[in-house]
Amino acid sequence: MEQTFIMIKPDGVQRGLVGEIISRFEKKGFTLKGLKLITVDQPFAEKHYADLSAKPFFRGLVEYIVSGPVCAMVWEGKNVVTTGRKIIGATNPAESAPGTIRGDFAIDIGRNVIHGSDAVESARKEIALWFPEGIAEWQSSLHSWIY
Ligand code: RTP
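Each value, and the rule that gives it
- Residues numbered from 1 in each chain as written.
- Predicted model: local features only at pLDDT ≥ 70, side-chain atom pairs only at ≥ 80, totals over all residues.
- Heavy atoms only, no water.
- Buried < 20%, exposed > 50% of the residue type's maximum accessible area, 1.4 Å probe, protein only.
- Helix = DSSP H or I, 4+ residues; strand = E, 2+ residues; numbered from the N terminus.
- Arc of directions from axis to C-beta.
- UniProt positions renumbered as here; feature names shortened; annotations may be inferred.
- Contact = heavy atoms within 4.5 Å.
- Pairing = 2+ DSSP bridges.
- Axes fitted to C-alpha atoms, helices over the stretch in contact; angles between N-to-C directions.
- Salt bridge = Lys/Arg side-chain N within 4 Å of Asp/Glu carboxyl O.
- pLDDT = per-residue confidence, 0-100.
- Phe/Tyr/Trp six-rings, centres within 6.5 Å; stacked < 30°, edge-to-face > 60°.

### Some words on helix 2 (residues 18-28)
An α-helix turns once every 3.6 residues. As a result, residues three or four positions apart point the same way.
Then step 1. Of all the positions in helix 2, only Ile21, Ile22 and Phe25 are classed as buried. Axial view of helix 2: buried residues confined to an arc of 95°, hence all on one face.
Then step 2. Directly after helix 2, the chain includes Gly29, whose backbone phi takes a positive value near 120°.

### Thoughts on the UniProt feature "active site" (unreviewed entry) in the chain
Then step 1. UniProt records the feature "active site" (unreviewed entry) at His115, using the numbering of this structure.
Then step 2. Residues within four places of His115 in sequence aside, it is in contact with Phe5, Ile6, Met7, Lys9, His48, Tyr49, Ile88, Arg102 and Glu126.

### Describing the sheet that holds strand 2 (residues 31-38)
Then step 1. If you trace the four strands from one edge of the open sheet to the other, you get 2-3-1-4, paired in antiparallel fashion. At either end of the open sheet lies a strand with only one pairing partner, and these are strand 2 and strand 4 (114-116). Averaged over neighbouring strand pairs, the angle between their axes works out to 15° when direction is ignored.
Then step 2. Where strand 1 (residues 3-8) and strand 3 (residues 70-76) come together, six bridges link them in antiparallel fashion. Its bridge partner lying in strand 3, Met7 is registered against Ala72.
Then step 3. Across the sheet, helix 7 (residues 120-130) touches strand 1, strand 2, strand 3 and strand 4, and the angle it forms with strand 1 is around 55°.

### A look at the environment of Met73
Then step 1. Locating Met73 in the fold gives a position in strand 3.
Then step 2. Spatially, the C-alpha atom of Met73 lies 23 Å from that of Ser53, the residues being 20 residues apart in sequence.
Then step 3. Contacts of Met73, omitting those with residues within four sequence positions, involve Thr4, Phe5, Ile6, Ile8, Ile21, Ile22, Leu32, Gly34, Leu35 and Phe131.

### Some thoughts on the pattern of salt bridges
Side chains that differ in charge, positive against negative, can pair when their charged atoms come close.
Then step 1. On inspection of all chains with the given rule, the structure shows six salt bridges.
Then step 2. When the shortest N-O distance is used, the salt bridge between Arg24 and Glu20 registers 2.8 Å. One end of the pair is Arg24 and the other is Glu20, both in helix 2 and four residues apart, which spans about a single turn.
Then step 3. For Arg24, a relative accessible area of 21% translates into the label partly exposed.

### Here's the deal with the pairing of strand 3
Then step 1. Strand 3 sits mainly inside the fold: seven of its seven residues count as buried.
Then step 2. Neither face of strand 3 is open: one carries Val70, Ala72, Val74 and Glu76, the other Cys71, Met73 and Trp75, and all of them are buried.
Then step 3. As paired elements, strand 2 and strand 3 share seven bridges and run antiparallel to each other. Counted as the bridge partner of Leu37 is Cys71 from strand 3.

### Thoughts on the confidence of the model for the chain
The predicted coordinates ought not to be read in detail in places where the model reports low pLDDT.
Then step 1. In the predicted model, the chain carries a mean pLDDT of 95, and 95% of its residues have values of at least 70.
Then step 2. Our summary of model confidence lists the complex with pTM equal to 0.94 and ipTM equal to 0.91.

### Here we look at the packing of aromatic side chains
Then step 1. Under the counting rule described, the total for this entry stands at three aromatic pairs.
Then step 2. Seen from their ring centres, Phe5 and Trp130 are 5.1 Å apart, and the 25° between their planes marks the pair as stacked. In this pair, Phe5 is assigned in strand 1 and Trp130 in helix 7, connecting sequence segments 125 residues apart.
Then step 3. When its relative accessible area of 2% is taken as the criterion, Trp130 is described as buried.

This is the structure in structure tokens:
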């Protein structure tokens, strides 16, 4: 079953949005497979955002991510990578549709509350980076035809 890596960024944790965000993924029908509150250091944040190292906003982005605890999660379900990105909304909250997390809770692209993997392959890499200890092996007791 497909998995994605979702991270509530420091602004989302500090604003008390963790429960609201978890609730949106749960109500959609996805299964929570990993969850931890963690403050990462600069080398770790740089590794997570390595693909963006040439961008002018890279330094500020890394500073933001290390500024406080983040809520790192693994969610599982059919098409969870693509659907998760839809639930999150466009990168720039000025363009995120109402009803999406960023559309409802963010204003500034530099404080956009949440990260979600952009592809199945990057999800695999990000889950390995953030959860080197592995994640819980459990199946929801719901029948397979219920999402
Ligand atoms: P994320 O990785 O956080 O889910 O975001 P994304 O895929 O939607 O966007 P990406 O292009 O990968 O950018 C990563 C994060 O960098 C910050 N950003 N700031 N112009 C700017 O100041 C700017 N552009 C991007 C955002 O926090 C974005 O989520």
